[in-house]
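Examining the three-dimensional arrangement
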Amino acid sequence: MLKKFIRVTVFLVILVASLWLLQRLLVPKYIHENEEGVLSAEYYDNAGDNDVLFIGDCEVYSNFSPIKLWQEYGITSVIRGTPQQLIWQSYYMLEDTLRYETPKVVVYNVFSMRYDKPQNEAYNRLTLDGMRWSSVKSDAIKASMTEEESYISYLFPILRFHSRWNELTGDDLKYLFSTEKLSHNGYVMRVDTKPVEVLPEPIPQADYTYSDIDWEYLDKIRDCCKEHGITLILIKSASCYPHWYDEWDQQIRDYAEKNDLTYVNFLQHQDETGIDYTTDTYDAGLHLNLSGAEKSSVYFGKILKDQPGITDRRGDAELDAKWQEKIEFYDSMKKSQEKQLEETGAVTSFR
Amino acid sequence: MKKLKVLALTLSLLLAATACGSKDSGTESGTAAQASAGTEASKGSTEAATEAKEAAADGLYFQKGDVKIQMDAPADDIIKALGSYQSTYEAPSCAFDGMDVIYTYPGYEVLTYTKDGKNAISGVVLRDDTVSTPEGVFIGSKTEDVEKAYGTKAEEGANNLVVKKGNCELLFIFKDGVVSSIQYNLAQ
């Protein structure tokens, strides 16, 4: 009887382990394509002792440098941005972060409020797959799924990615259990420049009113911050395309005023930030490059340092050592990208 | 033990069956278009051309000179036929694969996106009254003119009217009783 039990147990363990290994092999590794897919999971390596949390879409992970905030102000921060992160996902990112730490300030980029329903499975995956399993992740998945998606495919990604078997490369084996670090506390660096020459004229919208679901989740973010004694700051980051309509801006201003929140529209502070769209963007205004992200951070740091609970934390030996490591990685990536630029005229690999 | 073996075998067969049989198979999203581009592009192009023809038969398109611009039509030939543009703007597509491009011409813009590895029409925006729809509506036309031309009434109090036909949604935005914006959009 015992022998049989042991045999069965061993068999089951081998079966589950095999399926798990197969799943690890088949899921995308985001090494040379869609690299931002690693951002969601990378947070957990940086979790803890971050006084500022940024949440939102690519306009946060491209446009702010936690390393610069540390260097200039001794502010510890982390960015939990992901491509096309929708507001309900930002809320769940906040909830997930609170399982690991409680920042003093949360900064939410409001641009994604233009979306009021799930958009695209591919973007959902980039945000959700890297989150560690919890009831928060489960709720995030349920809030995010498009009609074509299934919850079970998030539970068992092998169901989603099984047919990658004929696309497997050496990278899938090499990065079976780990990946290459991409970000700097969530900031994705680009040193190249593609200037803004001509911006398209804004396309008029039939209706500029934000949907109920957007307000519902903004209220949730607000309430969650209040509950945890966190200061919430709303921002519209310095990306100048897609267009940020005055009608959207006014709604956010009204909300901020009504709720006694700080709202910073970086597009209206170009003089103060010093951002130059001929030198500080790597894709003609959609996202800032390193120069732009650092200018953004230096400007925003002046606002952050005056928030309740935010102090200059340089001088703490442990933190100094931790952030010195981050600075070294930052400088090393900067050199690597600059070399690529010099040698090939382009940045083809982040790392 | 036998039951467990049967279960394991069933599971494996199930996985294999879904791997082979799934039409909308789960390839990594970013590489899906690349993986299929080589063999699917020509098929996609023919299908897009057929769809465009059908849309034309349905009637909603923008026309500039001899060039008919239908939603989802292959874009490269259309852009070539339209001649010199004033400017272009490229941005990574929100549909994930490829680039969205805006071509600006005098009086209008043509928007394209990447479909099956090729550029396709995703929209046309009319910017001034130097251009009009084939039904004769232009920026500055009265609301009643739009309703007459398309046989549809705008909702009471609404500032816009959408005419849908095939894969095209033609949006009219009104301000003070006249058309202030005309946009052809690929139906979602």
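Here we summarise the structure given alongside this text. These numbers come from a predicted model, not from an experiment.

**Remarks on the overall build of chain B**
Each helix and strand counted, chain B has 4 helices and 9 strands in total. Helices and strands appear in chain B in the N-to-C order α-α-β-β-α-β-β-β-β-α-β-β-β. Counting only residues that meet the buried cut, chain B has 31% of its 188 residues in that class. Once local pairs closer than 6 in sequence are excluded, the contacts in chain B between residues at least 24 apart make up 43%.

**With respect to the overall build of chain A**
Counting its regular elements, chain A contains 15 helices and 5 strands. Its C-alpha atoms give chain A principal-axis dimensions of about 75 × 50 × 45 Å. A buried classification covers 41% of the 351 residues belonging to chain A. Restricting to contacts in chain A with at least 6 residues of sequence separation, those with at least 24 account for 81%.

**Observations concerning the pairing of strand E9 (residues 178-186) of chain B**
Residue and element names in this part refer to chain B. Across 4 bridges, the pairing between strand E6 (residues 118-126) and E9 is antiparallel. Along E9, the bridge assignment pairs Val-125 with Gln-183. Direction of pairing for strand E8 (residues 168-175) relative to E9: antiparallel, over a ladder of 8 bridges. Note on E9: the bridge partner recorded for Cys-168 is Leu-186. Where E8 hands over to E9, the hairpin turn is made up of 2 residues, of which Asp-176 adopts a positive phi near 55 degrees.

**What about the sheet that holds strand E5 (residues 262-265) of chain A?**
Residues and elements named next belong to chain A. A sheet is described by the order of its strands in space; here 5 strands give the open sequence E2-E1-E3-E4-E5, paired in parallel fashion. Where the open sheet ends on each side, the last strands, each with one partner, are strand E2 (77-81) and E5. Mean inter-strand twist for the sheet, computed between neighbouring axes without regard to direction, equals 20 degrees. In this sheet, strand E3 (residues 105-109) lies alongside strand E1 (residues 52-56) in parallel orientation, the contact comprising 4 bridges. Within E3, the residue paired with Phe-54 across the bridge is Val-107.

**Regarding the environment of Val-137 of chain B**
Residues and elements named next belong to chain B. If you trace the backbone, Val-137 turns up in the loop between E6 and helix H4 (143-150). Look at Val-137 and you get buried, because 22 C-beta atoms sit within 10 Å. The spatial distance from the C-alpha of Val-137 to the C-alpha of Asp-72 is 22 Å, given a sequence separation of 65 residues. Setting aside residues up to four positions removed in sequence, Val-137 forms contacts with Ser-132, Asp-145, Val-146, Ala-149, Val-179 and Ile-182.

**Examining the sheet that holds E9 of chain B**
Residue and element names in this part refer to chain B. Ordered by their spatial adjacency, 7 strands build an open sheet running E3-E4-E5-E6-E9-E8-E7, and the pairing between neighbours is antiparallel. The two strands at the open ends of the sheet, each matched to only one other strand, are strand E3 (87-92) and strand E7 (160-165). Between one strand and the next, the sheet's axes are offset by a mean angle of 20 degrees, whatever the strand orientation. Contacting strand E4 (99-105), strand E5 (108-115) and E6, helix H3 (residues 75-82) crosses the sheet at an angle of about 50 degrees to E6.

**Quick word on the pairing of E5 of chain B**
Residues and elements named next belong to chain B. The buried fraction of E5 amounts to 8 of the 8 residues, a majority that puts the element mostly inside the structure. On E5, burial covers both faces: Tyr-108, Val-110, Thr-112 and Thr-114 on one face and Glu-109, Leu-111, Tyr-113 and Lys-115 on the other are all buried. Where E4 hands over to E5, the hairpin turn is made up of 2 residues, of which Gly-107 adopts a positive phi near 90 degrees. Across 8 bridges, E5 lies against E6 in antiparallel orientation. The partner of Tyr-108 across the bridge, within E6, is Leu-126. Connecting E5 to the antiparallel partner E6 that follows it, the hairpin turn spans 2 residues, and Asp-116 within it adopts a positive phi of roughly 50 degrees.

**With respect to the environment of Pro-134 of chain B**
Residue and element names in this part refer to chain B. Considering the arrangement of structural elements, one finds Pro-134 in the loop between E6 and H4. With 55 residues separating them along the chain, Pro-134 and Ile-79 place their C-alpha atoms 19 Å apart. If we ignore the near neighbours within four places in the chain, the residues touching Pro-134 are Tyr-61 and Gln-63.

**Structural notes on helix H7 (residues 135-144) of chain A**
All names here are of chain A. Among the residues of H7, Ala-140, Ile-141 and Ser-144 are the ones counted as buried. End-on view of H7: buried residues confined to an arc of 100 degrees, all on one side of the axis. Exposed positions of H7 whose direction lies more than 90 degrees from the buried face are Ser-135 and Lys-142.

**A short note on helix H11 (residues 212-227) of chain A**
Residue and element names in this part refer to chain A. Taking 1.5 Å per residue, 16 residues should reach 22 Å; H11 reaches 22 Å between its end C-alpha atoms and fits that length. Those residues of H11 lying buried are Asp-214, Tyr-217, Leu-218, Ile-221 and Cys-225. End-on view of H11: buried residues confined to an arc of 105 degrees, all on one side of the axis. Facing away from the buried surface of H11 by more than 90 degrees, the exposed residues are Asp-212, Glu-216, Asp-223, Lys-226 and Glu-227. Contacts from the buried residues of H11 go to helix H5 (87-97), E3, strand E4 (231-236) and helix H12 (246-258).

Criteria and cut-off values
- Residues numbered from 1 in each chain as written.
- Chains lettered and ligands numbered in written order.
- Predicted model: local features only at pLDDT ≥ 70, side-chain atom pairs only at ≥ 80, totals over all residues.
- Helix = DSSP H or I, 4+ residues; strand = E, 2+ residues; numbered from the N terminus.
- Buried ≥ 20, exposed ≤ 12 C-beta atoms within 10 Å, placed from the backbone.
- Contact = placed C-beta atoms within 7 Å.
- Pairing = 2+ DSSP bridges.
- Axes fitted to C-alpha atoms, helices over the stretch in contact; angles between N-to-C directions.
- Arc of directions from axis to C-beta.
- Expected span 1.5 Å × (residues − 1).

These figures capture arrangement, not role.
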